[in-house]
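Tertiary structure, described
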Amino acid sequence: TYTVMATVVGGNGGTSCLPNTVSAGANSICYAVPYTGYQVQRWSGACAAAGNAGQCDLTNIQANQTSTVSFEAVPLPTYSVSATVSGGNGSVSCAPSPVPQGDSSSCTAVPDPGYQVQDWTGACLTTGANAHCALSNIQANQSSTVSFAAIPPNTYHVSASVVLGHGAVSCTPSTVTSGGHSTCTAVPEAGYQVASWG
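Just so you know, these numbers come straight off a predicted model, no measurement behind them.

Thoughts on the sheet that holds strand E2 (residues 13-18)
The strands making up a sheet associate through backbone hydrogen bonding, with each pair oriented either parallel or antiparallel. Pairing within the open sheet is antiparallel, and its three strands lie in the order E2-E4-E6. Here the strands that pair on one side only, and so sit at the sheet edges, are E2 and strand E6 (55-58). Between one strand axis and the next, the sheet turns through 10° on average, direction left out of account. Two elements, strand E4 (residues 28-34) and E6, share four bridges in a ladder whose sense is antiparallel. Directly across from Tyr31, in E6, lies its bridge partner Gln55.

Laid out in structure tokens, this is it:
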């Protein structure tokens with residue numbers, strides 16, 4: 001009869017072989033059981049051919065069988081972070097991407113001259129009209145869309161008043177956009193005329 005045994009190198013899991021005593025020509029199976037958050041890294045010894053499988057099958061055993069198994073931490077999943085522009089008039093980029101689970105990333109919108117961020121949708125929805133979207137504790141792929149709108153032109157109020165009475169004055173329109181025009185008209189009372197504008 002022959003013994004079949006396996007040991008763990010470096011911890012983070014356990015192993016067992018069944019049966020652990022066999023007759024010549026019989027078979028046995030060794031199992032690697034990683035702790036939560038770990039996976040089989042590799043087998044060596046009699047189970048070297050098992051690679052990183054969780055099970056090692058030994059057949060037609062003709063001698064004592066000794067194996068070792070090592071475990072490694074399961075790599076964190078990674079997620080992509082992306083954003084697109086709806087309607088043009090600017091660009092957007094996100095970095096870093098991809099990111100490991102739980103990490104952070106950010107997207108930045110760059111409007112063309114004369115435009116500003118209108119809104120975000122998707123993962124950046126709560127960013128509103130800000131150009132910078134910060135994403136933290138990422139647990140899934142993140143996708144956003146940003147749209148831009150033309151910056152409204154400045155508006156100005158146009159008004160005129162009469163000094164010392166004897167007439168009226170009005171300006172139309174009273175509110176104009178930057179680069180626009182307005183006309184102010186003075187209407188003197190009977191017997192009066194416009195003396196001057198200031």
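The discussion continues.
Quick word on the sheet that holds strand E13 (residues 115-122)
Strand order in the open sheet formed by three strands is E9-E15-E13, and the pairing between neighbours is mixed. Where the open sheet ends on each side, the last strands, each with one partner, are strand E9 (81-86) and E13. Mean inter-strand twist for the sheet, computed between neighbouring axes without regard to direction, equals 30°. Taken together, the seven bridges between E13 and strand E15 (residues 142-150) define a ladder with antiparallel strand orientation. Bridged to Thr121 within E15 is Thr145.

As for the state of the cysteines
This model, assessed by the stated rule, comprises five disulfides. Between Cys17 and Cys30 runs a disulfide, and the two sulfur atoms are separated by 2.1 Å. Across the S-S bond linking Cys17 and Cys30, the dihedral sits near 105°, which makes this disulfide right-handed. Residue Cys17 is found in strand E2, and its partner Cys30 is found in strand E4; the two are separated by 13 residues along the sequence. Cys17 gets classed as buried once you look at its relative accessible area, which sits at 7%. Here Cys94 is linked by a disulfide to Cys107, with a sulfur-sulfur distance of 2.0 Å. Judged by the sign of its S-S torsion, about 105°, the cystine formed by Cys94 and Cys107 is right-handed. A residue pair is termed long-range when its members are at least 10 positions apart, and Cys94 in strand E10 (residues 90-95) and Cys107 in strand E12 (residues 105-111) qualify at 13 residues. Accessibility classification places Cys94 together with Cys107 in one group, the buried group. Numbered by order of appearance in the sequence, the disulfide-linked cysteines of the protein pair as 1-2, 3-4, 5-6, 7-8, 9-10.

Here we look at the side chain of Ser147
Following the sequence through the fold, Ser147 ends up in strand E15. In this structure Ser147 comes out as buried when scored by relative accessible area, which is 11%. Engagement of the side chain of Ser147 in a polar contact is seen with the side chain of Asp119, the distance being 2.7 Å. With near-sequence residues (within four places) excluded, Ser147 lies in contact with Ser86, Gln116, Val117, Gln118 and Asp119.

Some points on the pairing of E15
As judged from the six bridges shared by E9 and E15, these two strands associate in the parallel manner. Paired with Val81 across the bridge in E15 is Gln142.

Section: unusual backbone geometry
A cis geometry characterises the amide bond from Leu18 onward to Pro19, with omega recorded as -15°. Within the secondary structure, Pro19 is located in the loop between E2 and strand E3 (21-22). Backbone torsion omega between Thr172 and Pro173 reads -10°, so that peptide bond is classified as cis. For Pro173, the position within the fold is in the loop between strand E17 (167-172) and strand E18 (175-177). Not every positive phi belongs to a glycine, and Asn60 is a case in point at roughly 50°. Among the residues examined, Asn60 registers a relative accessible area of 47% and is labelled partly exposed. One non-glycine residue, Leu164, adopts positive backbone phi at about 70°. Exposure remark for Leu164: the relative accessible area of 77% places this residue in the exposed category.

What counts and what doesn't
Residues numbered from 1 in each chain as written. Predicted model: local features only at pLDDT ≥ 70, side-chain atom pairs only at ≥ 80, totals over all residues. Heavy atoms only, no water. Pairing = 2+ DSSP bridges. Helix = DSSP H or I, 4+ residues; strand = E, 2+ residues; numbered from the N terminus. Axes fitted to C-alpha atoms, helices over the stretch in contact; angles between N-to-C directions. Disulfide = S-S within 2.5 Å. Buried < 20%, exposed > 50% of the residue type's maximum accessible area, 1.4 Å probe, protein only. Polar contact = N/O pair within 3.5 Å; in protein donor to acceptor, adjacent residues only side chain to side chain. Contact = heavy atoms within 4.5 Å.

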